[in-house]
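A structural walkthrough
Take a look at the letters that make up each chain.
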Protein chains: 2
Amino acid sequence: MTAEIICVGTELLLGDILNKNAQYLAQQLASLGISHYYQTVVGDNIERLKQVIKIAIARSDILVFTGGLGPTPDDLTTETLADFFGVPLVENSEILEDIAQKYAVRGRVMTLSNRKQALIPQGAKVLPNSSGTAPGIIWSPISNLHIFTFPGVPSEMQRMWQETAVPYLKSLGFGKEIIYSRTLKFWGIAESALAEKVSAFLSLPNPTVAPYASRGEVKLRVSAKAGSQTDAEQLIAPIEQQLQAIAGLDYYGQDEDSLASVVGRLLQCENATLSVAESCTGGGLGQMMTDVPGSSRYFMGGIISYDNQVKVSLLGVNPQDLNQEGAVSRTVAAQMAKGVRSRLGTTWGLSITGIAGPDGGTLTKPVGLVYIGLVESNGEVQVFEHRYGQDRSRSLIRYLSACTALDLLRRKLLETR
Amino acid sequence: MTAEIICVGTELLLGDILNKNAQYLAQQLASLGISHYYQTVVGDNIERLKQVIKIAIARSDILVFTGGLGPTPDDLTTETLADFFGVPLVENSEILEDIAQKYAVRGRVMTLSNRKQALIPQGAKVLPNSSGTAPGIIWSPISNLHIFTFPGVPSEMQRMWQETAVPYLKSLGFGKEIIYSRTLKFWGIAESALAEKVSAFLSLPNPTVAPYASRGEVKLRVSAKAGSQTDAEQLIAPIEQQLQAIAGLDYYGQDEDSLASVVGRLLQCENATLSVAESCTGGGLGQMMTDVPGSSRYFMGGIISYDNQVKVSLLGVNPQDLNQEGAVSRTVAAQMAKGVRSRLGTTWGLSITGIAGPDGGTLTKPVGLVYIGLVESNGEVQVFEHRYGQDRSRSLIRYLSACTALDLLRRKLLETR
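Residues numbered from 1 in each chain as written. Chains lettered and ligands numbered in written order. Predicted model: local features only at pLDDT ≥ 70, side-chain atom pairs only at ≥ 80, totals over all residues. Heavy atoms only, no water.

As recorded in an unreviewed UniProt entry, chain A goes by the name CinA-like protein, listed as coming from Gloeocapsopsis dulcis AAB1 = 1H9. The UniProt entry for chain A carries the following text under Sequence similarities (unreviewed entry): "Belongs to the CinA family." (UniProt positions renumbered as here; feature names shortened; annotations may be inferred.)

1. Details of the overall build of chain A
Summing up its helical and strand segments, chain A has 15 helices and 17 strands in all. Counting only residues that meet the buried cut, chain A has 56% of its 417 residues in that class. Here the contacts in chain A between residues at least 6 apart in sequence split such that 67% fall between residues at least 24 apart. A distance of 3 Å separates the average location of the 37 positive side-chain charges in chain A from that of its 40 negative side-chain charges. (Helix = DSSP H or I, 4+ residues; strand = E, 2+ residues; numbered from the N terminus. Buried < 20%, exposed > 50% of the residue type's maximum accessible area, 1.4 Å probe, protein only. Contact = heavy atoms within 4.5 Å. Lys, Arg positive; Asp, Glu negative; His and termini not counted. Charge placed at Lys NZ, Arg CZ, Asp CG, Glu CD.)

2. Looking at unusual backbone geometry
Omega for the bond connecting A:Gly357 with A:Pro358 falls within 30 degrees of zero, at 0 degrees, which places this linkage in the cis form. Along the chain, the position of A:Pro358 falls in the loop between strand S15 (348-354) and strand S16 (369-375). The phi dihedral of A:Asn144 falls on the positive side, at around 65 degrees, and the residue is not glycine. Note that A:Asn144 resides in the loop between strand S7 (136-139) and strand S8 (146-150). Classification of A:Asn144 by relative accessible area gives exposed; the value is 58%. For B:Asp255, which is not glycine, the phi dihedral falls at a positive 50 degrees.

3. Quick word on the interface of chain B and chain A
Counting residues at the interface gives 75 residues for chain B and 76 residues for chain A. Where chain B abuts chain A, roughly 5,800 Å² becomes buried across the two surfaces, and 55% of that area is made up of carbon and sulfur atoms. Along the contact surface separating chain B from chain A lie four salt bridges. In this structure, B:Arg221 engages A:Asp16 in a salt bridge whose closest nitrogen and oxygen atoms are separated by 2.6 Å. (Buried area = accessible area lost by both parts, 1.4 Å probe. Salt bridge = Lys/Arg side-chain N within 4 Å of Asp/Glu carboxyl O.)

4. Re the pairing of strand S10 (residues 208-214) of chain B
All names here are of chain B. The sheet contact formed by S10 and strand S11 (residues 217-226) spans seven bridges and is antiparallel. Across the sheet, the residue bridging to Tyr212 is Lys219, located in S11. Here S10 folds back onto S11, and the loop between the two strands holds two residues, one of which, Arg215, carries a positive phi near 45 degrees. (Pairing = 2+ DSSP bridges.)

5. Some details on the sheet that holds strand S1 (residues 2-8) of chain B
Backbone-to-backbone hydrogen bonds pair the strands of a sheet. The strands run either parallel or antiparallel. Taken together, the 12 strands give an open sheet; going across it, the order is S6(A)-S7(A)-S8(A)-S3(A)-S1(A)-S2(A)-S2(B)-S1(B)-S3(B)-S8(B)-S7(B)-S6(B), and neighbouring strands pair in mixed fashion. Only two strands of the sheet have a single neighbouring strand rather than two, namely strand S6 (125-127) of chain A together with strand S6 (125-127) of chain B. With direction set aside, neighbouring strand axes in the sheet form an average angle of 20 degrees. In this structure, strand S2 (residues 36-42) of chain A lies alongside strand S2 (residues 35-42) of chain B, joined through five bridges in antiparallel fashion. From the neighbouring strand, A:Val42 faces S2(B), where its bridge partner is B:Tyr38. Its contacts with the sheet put helix H4 (residues 77-84) of chain A on strand S1 (3-8), strand S3 (62-66), S7 and S8 of chain A, and the angle it makes with S8(A) is roughly 160 degrees. Lying over the sheet, helix H4 (residues 77-84) of chain B contacts S1, strand S3 (62-66), strand S7 (136-139) and strand S8 (146-150) of chain B, oriented at roughly 160 degrees with respect to S8(B). (Axes fitted to C-alpha atoms, helices over the stretch in contact; angles between N-to-C directions.)

6. A closer look at the side chain of A:Thr346
Residue and element names in this part refer to chain A. You can see Thr346 is positioned in the loop between helix H14 (330-344) and S15. Using a relative accessible area of 6% as the deciding quantity, one classes Thr346 as buried. For Thr346, the side chain forms a polar contact with the side chain of Ser275, separated by 2.8 Å. Engagement of the side chain of Thr346 in a polar contact is seen with the backbone oxygen of Trp348, the distance being 2.8 Å. Not counting the four nearest positions on each side in its chain, Thr346 is found in contact with Thr273, Leu274, Ser275, Met300 and Arg341. (Polar contact = N/O pair within 3.5 Å; in protein donor to acceptor, adjacent residues only side chain to side chain.)

7. Description of the environment of A:Thr72
Residues and elements named next belong to chain A. Inspection of the secondary structure assignment puts Thr72 in the loop between S3 and H4. Through-space distance from the C-alpha of Thr72 to that of Lys116 is 8.5 Å; in sequence the pair is 44 residues apart. Of the polar contacts made by the side chain of Thr72, one reaches the side chain of Asp75; its length is 2.6 Å.

8. Here we look at the packing of helix H12 (residues 308-315) of chain A against H14(A)
What describes two packed helices is the angle between their axes and the distance between those same axes. All names here are of chain A. Following both chains from N to C, one finds H12 and H14 inclined at 45 degrees, their axes separated by 9 Å at the closest point. For the element pair H12 / H14, the angle class is oblique. As for how H12 packs across H14, the hand of that crossing is left-handed. Across the interface between the two elements, Lys311, Ser313, Leu314 and Leu315 from H12 touch Val332, Gln335, Met336, Gly339, Val340 and Arg343 from H14. Here the contact of H12 with H14 is built from residues that sort into five nonpolar, three polar and two charged. (Parallel < 35°, antiparallel > 145°, perpendicular 65-115°, else oblique. Left-handed = near helix turned anticlockwise from the far one by under 90°. Nonpolar A, V, L, I, M, F, W, Y, C, P; charged D, E, K, R; others polar.)

9. A look at the pattern of salt bridges
All names here are of chain B. Counted by the stated rule, this structure contains 33 salt bridges over all chains. The salt bridge partner of Asp250 is Arg411, with a shortest N-O separation of 2.8 Å. Note that Asp250 is positioned in the loop between helix H9 (229-247) and strand S12 (251-254) and Arg411 in helix H15 (residues 394-415), a separation of 161 residues in sequence. When its relative accessible area of 13% is taken as the criterion, Asp250 is described as buried.

10. Things to note about the confidence of the model for chain A
On average, chain A scores 93 in pLDDT, and the residues at 70 or more come to 100%. For this predicted complex, the interface confidence comes out at an ipTM of 0.80, alongside a pTM of 0.80. (pLDDT = per-residue confidence, 0-100.)

11. Brief notes about the sheet that holds strand S9 (residues 178-187) of chain A
Residue and element names in this part refer to chain A. Spatial strand order, S10-S11-S9-S12: four strands in an open sheet with antiparallel pairing. A single partner strand is all that each edge strand has here, and the edge strands are strand S10 (208-214) and strand S12 (251-254). The sheet shows a mean angle of 25 degrees between the axes of neighbouring strands, direction not considered.

12. Overview of the UniProt feature "domain: MoaB/Mog" (unreviewed entry) in chain A
The sites that carry the UniProt feature "domain: MoaB/Mog" (unreviewed entry) are, in the present numbering, residues 4-172 of chain A. As annotated, residues 4-172 of chain A has a helix share of 43% and a strand share of 21%, and its two end C-alpha atoms lie 16 Å apart.

13. Looking at the packing of aromatic side chains
How two aromatic rings sit relative to each other is given by the distance of their centres and the angle of their planes. This structure, assessed with the given rule, holds 15 aromatic pairs over all chains. Where A:Phe186 meets A:Tyr251, the ring centres are 5.7 Å apart and the plane angle is 65 degrees; that geometry is what we call edge-to-face. Here A:Phe186 is found in strand S9, whereas its partner A:Tyr251 is found in strand S12, with 65 residues between them in sequence. Each member of the pair A:Phe186 and A:Tyr251 is classed as buried. A ring pair is formed by B:Phe148 and B:Phe150, whose centres lie 6.5 Å apart and whose planes are at 5 degrees; its orientation type is stacked. Assigned by exposure class, B:Phe148 and B:Phe150 land together as buried. Over the ring of A:Tyr37 we find B:Arg48; its NZ or CZ atom is 3.5 Å from the centre of that ring. (Phe/Tyr/Trp six-rings, centres within 6.5 Å; stacked < 30°, edge-to-face > 60°. Lys NZ or Arg CZ within 6 Å of the ring centre and 35° of its normal.)

Next comes the structure, spelled out in C-alpha cells:
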C-alpha cells in the first residue's frame, strides 16, 4: 500500500502560505513505514480536484487530504469527494452538536454556514477535531482505498493525525516495523563543527544520525528502524550516550526539551528561583520561561525596562552610567540583573540589553550587539557580550538573545552543581 | 498558458526538508500573472518522474522543475526529461568550462561525476547557475510546451529564476498582466460570520475575494489581475473600502500590519504611552509590542508578575483581594493594570491574568479563562472576561490572550478619537 498527500488550497498556489502540512505528514508516513511517492497541491476548484482524485486513486491506496474543510463556500474537499464517488452527503448529528458546543463555550452563536461542516459522505467515519470546528473523515469508498481528510490548520491537523489517524493506520497493519527517532539538541556550537566532531556517526546504517540546524540551534536526529519502539530505543541509547559525551556542555536536551524547560528543571533541583530584566527582548525571555507548564514554581517574573526611565525607576540603574555608557553596555546589563534580582527577591537574576535593529546601530555599537547580565545565587554578577551581526533580522536577534541568556544560565547551573 | 511546479527529491517525500521552493515559485508565477493550478512532488525515481511528466504536459504548458540536477547518481531530472521526449543528451562545453572554472577558484579538481552536469538535451538552452555548479535548462521539446529546470538549493534556484527565467517568460509575453493581492486582516469575528457578512463579494471575478483563518485571526485576500500594479490597486481600492465598511471595527489592518503595529500607530497619533502587566502571558504581550521597530516611542515597558508576591510588591495588588478572589479575577486584573500604569507613568495600562493550562483549572475557573484589565488615559479602568476553552493549547491560549488585549486597546483608542 502506498500513500499520497493531497493539499487543497488556492492560498498554496498563490504562495501565501508555506506547505508545512506536507512535510509533517511525510515524516509521519515514514515513521509508520508507509511509503508515499507523490504529493499534490491543487486549488479550491471542484473540476481540478476531481482530476487530482482520479489520478491519485490510480496510483495510491491511501489518500491524505489537508485543507478545504472550512465553513466557507470555497471549502470544497468533502463535497467534491462525495460527488466523485457518487455518494450523498448526510448531516452528522455528533459533529453538529460538537460545533454548537464549541461555539457556546466561546460565547459565540453557530451560523448557518457552520452546518455545512457537519455534512459528510454516507458511510464515512468522523475524524474528530478536538481543537477546532472542522472535523475530517476516514472513508473507504471503494475496497483497498482509504481516504483521510484534515483541516489545513497545522495544529488541528497534527492533533487529529495523532489521535485518530495513527491508531486507524495501525489497525490496518501499518507501523509493525516502525521508524523511531530521537532528536538531540545543542546550543553554542555550529552545525559544521558538530558534524565534524560526530562525523563517524553520520554514516551509520541503523540507527542513522543526521544533523540539522535552525535559528541558532543544532540538532542531531537519531532514527532507528525496528519492530517496536523498545527495540528502537535500545538501538538508539548507546549512540545517544556517545553523542552526548562528545558534545559535552553544548548538548542541552532532546525532543520536547527547550532551553527554558531544561533551565527550569535545573532551577527546581536547587529550589532556586529566577527573575528577568529585559530591554531589547521586551518580554521574550519571560515568555520563553513561562512557555513551560508549571514554571511558576521557579520563575517569579520580571521587569520589561524598554524605556530608560524604567531602568532607573524600577531596576535602580544609575542614571549617570546610563548617560555615560549608554543603555547597551556592560554596566547597565549588570545593574539591570542585580536590580531585578533584589526587587523580586530571587536566587538568580538575568538581564538582556541590546540593539535589535533595524535602526539604532552605530559604528561602535552596531545592530546585533547584546549584553547579557547574570547574577548568581552568591550575588556575583557576570556580563556576557554577544554580536549577532547586522545582517540578521530584528526578530532573529531578539530570539537569539533570549536563547543565549537561557543557555548561559544553563551552563552556570550545571557548573555550580 | 498555465504552469505547473514539479519538485523532485526523495528528501521531500521523507519530510527531511520543507518545500520552500514551491512557495517561492508560486509567488513568482502569480506576480507574473501566470496561473498555475497544480504542484507535484515526486522522488528521485525515473519511472515515477516520467508518469508525472506525462500527467503534467496533458494539463499544463509551462513545467517548472526543481531538484535532481546534482552530480550524484540519484539526480535524474535532466536525463529523464531527455529520455521522455526521446532526445539525446549532449555535452555542453560552456557548462563544462564554467564548472571547471568554479572548481579551480575553490582550489578543487573537477571530478568525473561533475561532467554529468554538463549534459543537456539536444536543443535545450542553458539556464546558467552563477552561484552553484548545477545549471538548469530552458527547453521547448514540443510546441507550446516550456520546460525550466532548477537545482533544489533555494538560493541558487531563486537567483537563476530572477536572472534568466523571468526575462525569458517576459519575452514570451508574460508579466504584461500581473496578479496583485492585498490581505485585509480582522480580529474578533469568526471566519464563518465574516464570510456571511461579505458573501456577495466572494463570487467576484476580478478582483477575487477569499477568506481564510489562522490562530484567531481572519483574513480576506483581495486579488486583482491587471496590466500594472496601479491598475490592480484601482480595482482593489473600492472593494477594499466596502469590505472595511461592512466589517467595521473588526477590521484592524492589512498586509504587514499586526495588532501591535496598529496599536502603536494609534498610540503615537495621541502621543500616548503604554505599559503592561502580565501574568499568564509571562512577557508575550510586551514581546508583541516590541516586535515593532521604533516601539520605544510609545511602549515604556511592563512588569511580568508571574508570582503573586510580585503582583503585590511591584503592582500594589491588594493581598486580601488576591486571597479572596484569586489571582485570576476581575479585581486583580484591574489592580494590575492600575498598578503598572502608575508605576511606569504611562497614558494607558494593560493587564492580563488567566489560566493558560494545561493544569490549574477548576470548575468555576477553567483553563482558558482570562481577564484583561485596561486603564484608559482618564484613569478609568475596565475589565474584560474571555473564555478560550479548555481544548486549546497553553501556547494558543497565551497567544490569543495577548492578541485580544491588544485588540481591546485598539478598539478603545479608535472609540476615544
